[in-house]
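Structural description and commentary
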Amino acid sequence: MSDAAQPTAAEVRAAAEAVKTALDRHLAAVERRSGEDDPAVYEAFNELAAAAETYDELLYDRYDEVTPFEIPGAEDSLPPYTGPEEPNALSVLIRRDYAVVEPQRLLAHAQRIEAADGEVAGGAGASGTVHGALGLLFGEFEPDEIASRHKEFGLEEGDSTLWVTAADEAPEPGEWLEAPFEQADAQRVVCRFDVSAVFDDEPDGVVDLDEDEDEDLEPLDAER
């Protein structure tokens, strides 16, 4: 960046003052909030995030320095909760990603499953393909057991997320089975639990607002 394009020292200081003002407003909104889904707190959080991001950018452009913290932007947060205050039902939505890193290990497990069930083994049955082996694996074991034993099955963990969403009433049996995730409403998320390698990517000396290095537990207030 050329000297002419750099922000002035006064602009950087003004941005710092804006962060201080946004901090005061956020604290005041939290102190007088009317409930967990108070829109004033949500708005103050986003204003603080925007002010901090602007200050960080100007500080870097002017002095080649950065702040020692990171505040998630509004685009990274859930919208305000609009579900019932006392949910009568809930849905737990889980996604876990895996990479198949040892196909032969996966196929061997699938063949043992087929053999135990008295079915054809040795590549002639479903266990002869990765596609078929995955079907056998997830048909035999619960998802939580696969998550805890994934290396044994030749899999490598990727990102995972769990959303607990509130509902007014439980759906009728079989109602959503054809499209289980189609009606996921981010505004009804009661709490959220994420695991991702990106939480391990912070360089030494950088402090994230999230305390866990590889886990991010996000109830409504923390998410905002």
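In what follows, the accompanying structure is described. (Residues numbered from 1 in each chain as written. Predicted model: local features only at pLDDT ≥ 70, side-chain atom pairs only at ≥ 80, totals over all residues. Heavy atoms only, no water.)

Some remarks on the overall build of the chain
In terms of helices and strands, the chain carries six helices and six strands. Mapped from its N terminus to its C terminus, the chain presents α and β elements in the order α-α-β-β-α-α-α-β-β-β-β-α. Within the chain, buried positions represent 26% of all 224 residues. For the chain, the share of sequence-separated contacts (at least 6 apart) that also reach a separation of at least 24 residues comes to 69%. Counting every atom, the chain has about 14,600 Å² of accessible surface; 51% of that belongs to carbon and sulfur. (Helix = DSSP H or I, 4+ residues; strand = E, 2+ residues; numbered from the N terminus. Buried < 20%, exposed > 50% of the residue type's maximum accessible area, 1.4 Å probe, protein only. Contact = heavy atoms within 4.5 Å. Areas by Shrake-Rupley, 256 points an atom, 1.4 Å probe, with all protein chains shown as cover.)

Here we look at helix H4 (residues 130–140)
Regarding H4, the residues found buried are Gly132, Ala133, Leu136 and Leu137. Projected onto a plane normal to the axis of H4, the buried residues spread over an arc of 135° and lie on a single side. Away from its buried face, by an angle of more than 90 degrees, H4 presents the exposed residues His131 and Gly139. Against the buried residues of H4 lie helix H3 (103–116), helix H5 (143–148) and strand S3 (155–167). (Arc of directions from axis to C-beta.)

Here we look at unusual backbone geometry
Notably, Asp64 is not glycine yet its phi reads approximately 60°, a positive angle. Topologically, Asp64 is positioned in the loop between helix H2 (39–63) and strand S1 (69–70).

Quick word on the pattern of salt bridges
Pairs can form between side chains of opposite charge whenever their charged atoms are close. Applying the stated rule across the entire model yields eight salt bridges. Arg149 is the salt-bridge partner of Glu152, the closest N and O atoms lying 2.5 Å from each other. What makes Arg149 partly exposed here is its relative accessible area of 23%. Arg188 is paired through a salt bridge with Asp168; the nearest N and O atoms lie 3.1 Å apart. Here Asp168 lies in the loop between S3 and strand S4 (189–195) and Arg188 lies in the loop between S3 and S4, a separation of 20 residues in the sequence. By relative accessible area, Arg188 is classed as partly exposed at 21%. Salt bridges sharing partners connect three or more residues here, namely Glu145, Arg149 and Glu152. (Salt bridge = Lys/Arg side-chain N within 4 Å of Asp/Glu carboxyl O.)

Remarks on H3
For H3, which comprises 14 residues, the first-to-last C-alpha distance of 20 Å matches the rise-based estimate of 20 Å (1.5 Å per residue) to within 8%. Turning to H3, its buried residues are Leu106, Leu107, His109, Ala110, Ile113 and Glu114. Seen along its axis, H3 keeps its buried residues to an arc of 160°; they face one direction. For H3, the exposed residues set more than 90 degrees away from the buried face come down to Gln104 and Ala116. Where H3 is buried, its residues contact strand S2 (89–100) and H4. Following H3 by one or two positions, Gly118 adopts a phi angle in the positive range, close to 80°. (Expected span 1.5 Å × (residues − 1).)

It is worth stressing that arrangement in space is one thing and function is another; only the former is reported here.
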